[in-house]
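The primary structure of each chain is shown beneath.
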Amino acid sequence: MQSEKAKPPSYLNYRRLLVILFLSLLLSLICSIKDPFKLSEYQYGDIARKNIKSPVDIYLPDRDITMKKGEIIVREGDRITDEHLGKLSRIEVRESTAAFSVKNIVLIFLLLFFSLTLIYEYADKNIKKFTLTEKDLNFAAVFTLFMALIVKASALILDHFAPSSSLYLIYIVPIFCYGIILRIVLFSEAAIIFSILFSIVMGFLFENSLPIFLYTLLGNILASYYSGKCENRNTVLKAGLYTASIMSLIVILFDALQGSSLSNIPLKVAFTIFNGVGSSFIALGLLPVIEHVFNYTTDIKLLELANLEHPLLEEMMVNAPGTHHHSIVIGNLAKAAAESIGAHPLLARVSAYYH
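The structure displayed is predicted, hence computed values, not measured ones.

On to the overall build of the chain. When you go through the chain residue by residue, the secondary structure sums to 14 helices and four strands. Going through the 355 residues of the chain one by one, you find that 41% of them count as buried. With the model as given, the accessible surface of the chain reaches about 19,700 Å², and the carbon-plus-sulfur share is 64%.

Under the counting rule described, the total for this entry stands at 15 aromatic pairs. Centroid distance Tyr120 to Phe130: 5.5 Å. Interplanar angle 75°. Geometry classified as edge-to-face. Note that Tyr120 is positioned in helix H3 (residues 102-126) and Phe130 in the loop between H3 and helix H4 (134-161), a separation of 10 residues in sequence. Exposure remark for Tyr120: the relative accessible area of 3% places this residue in the buried category. Using a relative accessible area of 1% as the deciding quantity, one classes Phe130 as buried. Both rings, one in Phe139 and one in Tyr296, keep their centres 5.6 Å apart while their planes meet at 65°; by these two values the pair is edge-to-face. Taken as a pair, Phe139 in helix H4 and Tyr296 in the loop between helix H10 (265-294) and helix H11 (299-306) lie far apart in primary sequence, 157 residues in all. A single burial state applies to Phe139 and to Tyr296, both of which are buried. One aromatic cluster in this structure is built from Phe139, Phe143, Phe146, Tyr178, Phe198, Phe294 and Tyr296.

To continue, consider unusual backbone geometry. You will see that Asn295, though not glycine, has its phi angle at about 60°, which is positive. The residue Asn295 is located in the loop between H10 and H11 in this model.

At a minimum axis separation of 9 Å, helix H6 (residues 177-185) and H10 run at an interaxial angle of 40°. Judged by the angle between their axes, H6 and H10 are oblique. Read as a crossing pair, H6 and H10 show a hand that is right-handed. In this structure, H6 contributes Cys177, Ile180, Ile181, Ile184 and Val185 to the contact, and H10 contributes Ser279, Ser280, Ile282, Ala283, Leu286, Leu287 and Ile290. Grouping the amino acids of the contact of H6 with H10 by side-chain chemistry returns 10 nonpolar, two polar and no charged.

This part takes up the pattern of salt bridges. When the charged atoms of two side chains lie near each other, side chains of opposite charge can form a pair. Evaluation of the coordinates by the stated rule reveals six salt bridges. Its salt-bridge partner being Glu121, residue Arg16 comes within 3.2 Å of it at the nearest N-O pair. Separated by 105 residues along the polypeptide, Arg16 in helix H1 (residues 11-32) and Glu121 in helix H3 bring together distant segments of the chain. Using a relative accessible area of 15% as the deciding quantity, one classes Arg16 as buried. Between Arg16 and Asp124 there is a salt bridge; the shortest N-O distance is 3.1 Å. Of this pair, Arg16 sits in helix H1 while Asp124 sits in helix H3, placing them 108 residues apart in sequence. Here Asp124 falls in the partly exposed class, since its relative accessible area comes to 25%. A single salt-bridge network, built from bridges that share partners, covers Arg16, Glu121, Asp124 and Lys125.

What counts, and where the lines are drawn
Residues numbered from 1 in each chain as written. Predicted model: local features only at pLDDT ≥ 70, side-chain atom pairs only at ≥ 80, totals over all residues. Heavy atoms only, no water. Helix = DSSP H or I, 4+ residues; strand = E, 2+ residues; numbered from the N terminus. Buried < 20%, exposed > 50% of the residue type's maximum accessible area, 1.4 Å probe, protein only. Areas by Shrake-Rupley, 256 points an atom, 1.4 Å probe, with all protein chains shown as cover. Phe/Tyr/Trp six-rings, centres within 6.5 Å; stacked < 30°, edge-to-face > 60°. Axes fitted to C-alpha atoms, helices over the stretch in contact; angles between N-to-C directions. Parallel < 35°, antiparallel > 145°, perpendicular 65-115°, else oblique. Left-handed = near helix turned anticlockwise from the far one by under 90°. Contact = heavy atoms within 4.5 Å. Nonpolar A, V, L, I, M, F, W, Y, C, P; charged D, E, K, R; others polar. Salt bridge = Lys/Arg side-chain N within 4 Å of Asp/Glu carboxyl O.

Written out as structure tokens, the structure is:
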């Protein structure tokens, strides 16, 4: 009989690697999507906010000249003229001929794959409570893809119809529900690890933005922290509100560090508050779907089972009142015992009800 160490490697390890591989590939595709119908950032008479250079050599047939790669087309502070618009349109047409950039896809895929693999393997080998089943990993991967698609679609829409305000409006996208749902469905260690991975993806989505990375990471860690031991639905609502309140202060600190205009702070704070409250309601709406599709029993489901008006408990109260009373008493004792040792009080109480 083979010893434990002599056994061949489990196919679960290969499946886990394949999940990470496909997750990295799909996320790199999402990050590299461009808007082929993007409106021009500048109009006639606008003032250029930065230097604009030609990304490649571009031939201008109407003037019989070639703009060299790196050549400055518009300097910061210049007023946009018809000539500038003509050159900018040539760049936009060239960049919009493909919805994807193969180079970006390959580079982002490699970075994501190595990041996901290293972080996941470190957590799996060194964090004792970080134990994911195949179902848990599949759920985390699908939910990460879902949230990345939501954020990318929102960014494309905002960038298309409100290009000058897209960096402010992105604060309204409810990304805090990611940390809330992962904490309720899985556990705190998984919520932190996957929040790091999701924050890396968010950084790539917004042109390697460090503020967006930190905003996503800190926001989801706070959201998962306040969602722990969800004894009632108000816990989810409070998690979103508390997270938004603290993140509003962090947003102000980000702006102060970058020297941004103070006039934009009230709008960003309002969007962050909306983000937190909206994330709570979205999490409450998505949790029943996740429970049904992935066959999870979350704290919200346990609350439904703990309701004394549950049909099974009502039937037991009518047909076996002594057993019903015994179960309720044992449930309260189990809850108190679980609280004293730091276990899961709600799970202990519900388990006692139905033992």
